[in-house]
Amino acid sequence: MIICDGLTKTFGNVTAIQDFTVEIPDGRIFGLLGPNGAGKTTTMRMLSCLIQPTTGRAFIDSLDIRNKDDAQKIRCMIGLLPEVPGLYETLGAYKNLDYYGQFYGVPKQQREESIKNTLTTLGLWDRRKEPVGGFSKGMKQKIAIARALIHNPKYIFLDEPTASLDPAASKTVREYILDLKSKGDTILINTHNLSEAERICDTVALVKNRIVKVGNPKELAHDLFARTITITLQEIPSSILKDLSAVDYVSDVHVNGNQLILNVRHPEEDNPRVISWLMHQGLQVQFISEEEHSLEDVYLKLIEEAGR
Amino acid sequence: MRWRNAWIVMHKDLDEFKKQKLVMGSIIAMPIVLGVVLPLVMFLPMVTIIPLERPWDVNGLLEIGSLPDTAHIPWTNHTIENTTFHATVISNTILKNVHLSNCVILSCILKNTTVVDSTVQNSSLTNSYLKNVTVVRCKGTGLDGAFILTVSSDLNFIRTKPSDIDQVLPMMFNMILMIFIIVPATLPTIIASYSIVGEKNNRSLEPLLATPTTDGELLTGKIFSAFIPSMASTLLAFSLGVILLDVVLIPKVAYPLLPNLTWVLSMLLLAPTACLMSVLACVLVSSKVSDVRAAQQVGGFVVMPVVVLMLGVLSGFIFLSPLMIFVFAAVYGCIDLGLFYFARAVFNRETILTKWA
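Residues numbered from 1 in each chain as written. Chains lettered and ligands numbered in written order. Predicted model: local features only at pLDDT ≥ 70, side-chain atom pairs only at ≥ 80, totals over all residues. Heavy atoms only, no water.

Before we go on, may I ask you to explain the overall build of chain B in this structure?
Of the regular secondary structure elements, chain B holds 12 helices and 10 strands. Counting all 357 residues of chain B, 52% fall into the buried class. Accessible surface for chain B amounts to roughly 16,100 Å². Of this, 67% is attributable to carbon and sulfur atoms. (Helix = DSSP H or I, 4+ residues; strand = E, 2+ residues; numbered from the N terminus. Buried < 20%, exposed > 50% of the residue type's maximum accessible area, 1.4 Å probe, protein only. Areas by Shrake-Rupley, 256 points an atom, 1.4 Å probe, with all protein chains shown as cover.)

This is the structure in structure tokens:
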């Protein structure tokens, strides 16, 4: 489990992240969302024991990131994919991975098998000896992800894992991440890709130099936005706007053609009541649907509010 | 310190280094040009143009350590027959009651030696050099009473005034020796200057620092990855240079001149400590700057202590005796140790990763 308690980092007069307090249970995927300069990478670097917090503390498996001896143990448990792949460009993919595998004491045979499997999965086994400097951004990113996972770490920190990947490669990486989660790994992801976060994260924290909101992506949307219901009627009488607006559990009613669009707070309870009310008015309901608010809507709204 | 981790860092750096053919080529070529080609260019004309009137005096470079095994033959109360002595040095001794019969003494040196109550019969002494040799109560065939060896015309007795060549030779040899000390101090500056800041600029440092490697292990790996190729190429050039110089000079000096004790000690003690000092200073600078060019520029100053030694030796203020070599190596070694601990103490992962100006 990762526990962050008031984690704060300042560089001179600039506060990168302030009072970052979260708990990430084992086996979960936790997303850090925020604009550039929001402190996401700084937070990840603190948890990777690369930089020290100015104040606050954090524990990974009860090991203190501020303690030098604990930091060594933490580094053995984590796999880090930094913002930039940072591969050794003159060396081949195999040597790049083998180099890191050796640091973590992965036995030679296991290392060879692991590298072969990973490079085969990534479609790079035949090109394992070519200098990676000649590879595309996406291929480099794949190798960097493989490097972070070479020692089967319990905690995986991924900074923009799909940033430079094409859609097909992004999908492969997302599936790979979900596969890791199913094996019980705990994953922390920094991302700008909101739909990706929505699809794979159990919990997200919206940050802008501090935590703006933490929660499940769907719950966040529900908490922030009234649920918008679209009801398609056979015909809509002109008086309905006025009559329906008077109903207390309904708000923001408007009409678009033969569609009635309105907000309710608790659709599970309110939708049947609205349908009953409409039928009671002698109207025929053809379809009913709920407009989903995406994580992007949540993100934009919260980040805008945080900036005010 | 887990040496295994340092070895991994070094091995990776050497792997990368092997891919840089031009850099590797220059590291191998520089000591060969300065330590092999240049001396040959200096000596070959001298050897071919200057006529041999007598063997060149390389006094001062000759050490007891370079005595061939044959010199340990008991030289007192001894009879030697039908034996050839080649390139043998007999120095600071008394030959008493020695009887040589049917012997050949070729390209040998006999100096600071007294020969007493001895005889020589049907023997020859060719192309050899004698200095401060006193002959007392000796007899032989075919010679007058002053000295009774059967000798060729190349024989020289005590010489009082050194020739021009004799005066120039020690200076030339000192210069070559200094090249072999200053080259390993200069060679690694580029590689060592790049070691940390280069990885920082390539963005490969962050994942490396996230591994369980300690600061000391990382620095040690980086230090040896710059030290090993520099010293290896210097030793290669040294071996080549010594062999070729001996081949070129042996007709003139009458025996294999190099390597003598001073040269061996210099290569085993002075050159490595000077090289290490240069590497350590450059790695230290590399961990404190944000730009490879800045590291290389500042790294240029690190050869200063070696330049001071070179100027001292060449100007004659410092005589590079074995004792002096030990003293300088000890001083350099202490500086090396201090630099390592200082570099480790000021190695700050956070500053390296986050400071860009």
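Explanation requested: the overall build of chain A in the structure shown.
Within chain A, the secondary structure is distributed over 11 helices and 14 strands. Against the compact-globule benchmark of 19 Å for 308 residues, chain A has a radius of gyration of 24 Å, which places it well outside the compact range. With the principal axes as the frame, chain A shows a C-alpha extent of 75 × 45 × 30 Å. Scored against the burial criterion, the 308 residues of chain A give a buried share of 53%. Of the contacts formed within chain A by residues at least 6 apart in sequence, a portion of 68% connects residues at least 24 apart. (Rg over C-alpha atoms; globule rule 2.2 N^0.38 Å. Contact = heavy atoms within 4.5 Å.)

I would appreciate a short explanation of the pairing of strand β3 (residues 29-33) of chain A in the present structure.
Successive side chains on a regular strand alternate, one facing one side of the sheet and the next facing the other. All names here are of chain A. Most of β3 is tucked away, with 5 of its 5 residues classed as buried. Side chains of β3 alternate between two faces, with Ile29, Gly31 and Leu33 and Phe30 and Leu32 buried alike. Examined bridge by bridge, β3 and strand β8 (residues 186-191) share 5 bridges and lie parallel to one another. Within β8, the residue paired with isoleucine 29 across the bridge is isoleucine 187. In this sheet, strand β9 (residues 203-207) lies alongside β3 in parallel orientation, the contact comprising 4 bridges. Its bridge partner being in β9, phenylalanine 30 is matched across the sheet by threonine 203. (Pairing = 2+ DSSP bridges.)

Would you explain the pairing of strand β6 (residues 78-81) of chain A in this entry?
Residues and elements named next belong to chain A. Of the two faces of β6, both are covered, the one formed by Ile78 and Leu80 as well as the one formed by Gly79 and Leu81. As paired elements, β6 and strand β7 (residues 155-159) share 4 bridges and run parallel to each other. From the neighbouring strand, leucine 80 faces β7, where its bridge partner is phenylalanine 157.

Please clarify how the interface of chain B and chain A should be interpreted in this entry.
Interface size is commonly expressed as the accessible area that is lost once the parts come together. Counting residues at the interface gives 28 residues for chain B and 26 residues for chain A. A combined buried area of about 2,600 Å² lies between chain B and chain A, and 60% of that area is made up of carbon and sulfur atoms. Area buried by chain B at its contact with chain A is led by B:Glu206, B:Pro212 and B:Glu350, which between them contribute 22% of it. The salt bridge involving B:Glu206 is made with A:Arg45; its shortest N-O contact spans 3.0 Å. At the boundary of chain B with chain A, the tally comes to 9 residue pairs in polar contact (both at pLDDT 80 or more). Counting only elements with at least two residues in the side of chain B that touches chain A, the list comes to α1 (3-19), α6 (205-209) and α12 (349-354) of chain B. Within the side of chain B that touches chain A, the residues separate by chemical class into 9 nonpolar, 8 polar and 11 charged. (Buried area = accessible area lost by both parts, 1.4 Å probe. Salt bridge = Lys/Arg side-chain N within 4 Å of Asp/Glu carboxyl O. Polar contact = N/O pair within 3.5 Å; in protein donor to acceptor, adjacent residues only side chain to side chain. Nonpolar A, V, L, I, M, F, W, Y, C, P; charged D, E, K, R; others polar.)

Would you mind showing me how to read the side chain of A:Asp64 here?
Residues and elements named next belong to chain A. Position of aspartate 64 among the secondary structure elements: in strand β5 (residues 63-64). Taking relative accessible area as the criterion, aspartate 64 reaches 13% and is therefore assigned buried. Here the side chain of aspartate 64 touches arginine 66 through a polar contact of 2.9 Å, landing on its backbone nitrogen.

Could you clarify how one ought to interpret the sheet that holds strand β14 (residues 285-291) of chain A in this entry?
Adjacent strands of a sheet pair through backbone hydrogen bonds, lying either parallel or antiparallel. All names here are of chain A. Sheet architecture is open: 4 strands sit in the order β12-β13-β11-β14, paired in antiparallel fashion. Either end of the sheet is taken by a strand with one partner, and the two such strands are β12 (250-256) and β14. Within this sheet the neighbouring strands show an average axis-to-axis angle of 20 degrees, counted without direction. Here 5 bridges tie β12 to strand β13 (residues 259-264), and the two strands are oriented antiparallel to one another. For valine 255, the partnering residue across the bridge sits in β13 and is leucine 260. On the sheet, helix α10 (residues 267-280) packs against β11 (227-233), β12, β13 and β14 and is oriented at approximately 25 degrees with respect to β11. (Axes fitted to C-alpha atoms, helices over the stretch in contact; angles between N-to-C directions.)

When you look at the packing of helix α8 (residues 261-286) of chain B against helix α11 (residues 322-346) of chain B in this model, what are you seeing that I'm missing?
When two helices pack together, their arrangement is captured by the angle between the axes and the distance separating the axes. Residues and elements named next belong to chain B. Direction vectors running N to C along α8 and α11 enclose 20 degrees, while the axes themselves pass 9 Å from each other. Viewed along their axes, α8 and α11 adopt a mutual orientation that is roughly parallel. When the axes of α8 and α11 are compared, the crossing they make is left-handed. Among the residues making up the contact of α8 with α11, the classes are represented as 22 nonpolar, 4 polar and 1 charged. (Parallel < 35°, antiparallel > 145°, perpendicular 65-115°, else oblique. Left-handed = near helix turned anticlockwise from the far one by under 90°.)

What should I look at first to understand a nonpolar patch on the surface in this one?
Judged by side-chain polarity, B:Met1, B:Trp3, B:Phe224 and B:Ile228 come together as a nonpolar surface patch covering roughly 410 Å² of accessible area. Position of B:Ile228 among the secondary structure elements: in helix α7 (residues 215-253). (Patch = residues over 30% accessible without salt bridge, like charges linked within 9 Å, V, L, I, M, F, W, Y side chains within 5 Å.)

What's the story with the packing of aromatic side chains in this structure? I'm lost.
When we look at a pair of aromatic rings, we describe it by the centre distance and by the angle of the planes. According to the stated counting rule, one finds 13 aromatic pairs over all chains in the structure shown. Between B:Phe340 and B:Tyr341 the ring centres are 5.7 Å apart and the planes differ by 75 degrees, which places this aromatic pair in the edge-to-face class. Through a chain of ring-to-ring contacts, the aromatic side chains of B:Phe43, B:Phe173, B:Phe180, B:Phe238 and B:Trp263 assemble into a single cluster. Seen from the ring of A:Tyr100, A:Arg147 lies directly overhead, with NZ or CZ sitting 5.2 Å from the centre. (Phe/Tyr/Trp six-rings, centres within 6.5 Å; stacked < 30°, edge-to-face > 60°. Lys NZ or Arg CZ within 6 Å of the ring centre and 35° of its normal.)

Looking at this structure, I do not really get the nonpolar core. What am I missing?
When a protein is soluble and globular, its nonpolar side chains tend to lie buried together. Judged by nonpolar contacts, the single largest core of 153 residues is most densely connected at A:Phe20, A:Leu47, A:Ile60, A:Phe157, B:Phe43, B:Trp263 and B:Leu309. A total of 14 residues in this core trace back to one element, the largest contributor, which is α8(B). If we ignore the near neighbours within four places in the chain, the residues touching A:Ile60 are A:Met1, A:Ile2, A:Leu47, A:Ile65, A:Ile74, A:Met77, A:Tyr155 and A:Phe157. Core analysis: the next-biggest nonpolar cluster, separate from the first, contains 16 residues, A:Val247, A:Tyr249, A:Leu260 and A:Val264 among them. (Core = buried A, V, L, I, M, F, W, Y, C linked by side-chain atoms within 4.5 Å.)

Quick question: what am I supposed to make of unusual backbone geometry here?
Across residues other than glycine, the phi torsion is negative in most instances, and most of the peptide bonds are trans. All names here are of chain A. Phi at aspartate 19 is positive, roughly 50 degrees, even though this residue is not glycine. With respect to the helices and strands, the residue aspartate 19 is situated in strand β2 (residues 14-24). Of note, the phi angle at glutamate 160 is positive, near 55 degrees, even though the residue is not glycine. Along the polypeptide, glutamate 160 turns up in the loop between β7 and α6 (167-182).

Looking at this model, I keep getting lost on the side chain of A:Arg45. Mind explaining?
Relative to the elements of secondary structure, A:Arg45 occurs in helix α1 (residues 40-47). Here B:Glu206 takes part through its side chain, which lies 3.0 Å from a polar atom of the side chain of A:Arg45. Discounting chain neighbours no more than four positions away, the residues touching A:Arg45 are A:Leu50, A:Ile51, B:Glu206, B:Leu353 and B:Thr354.

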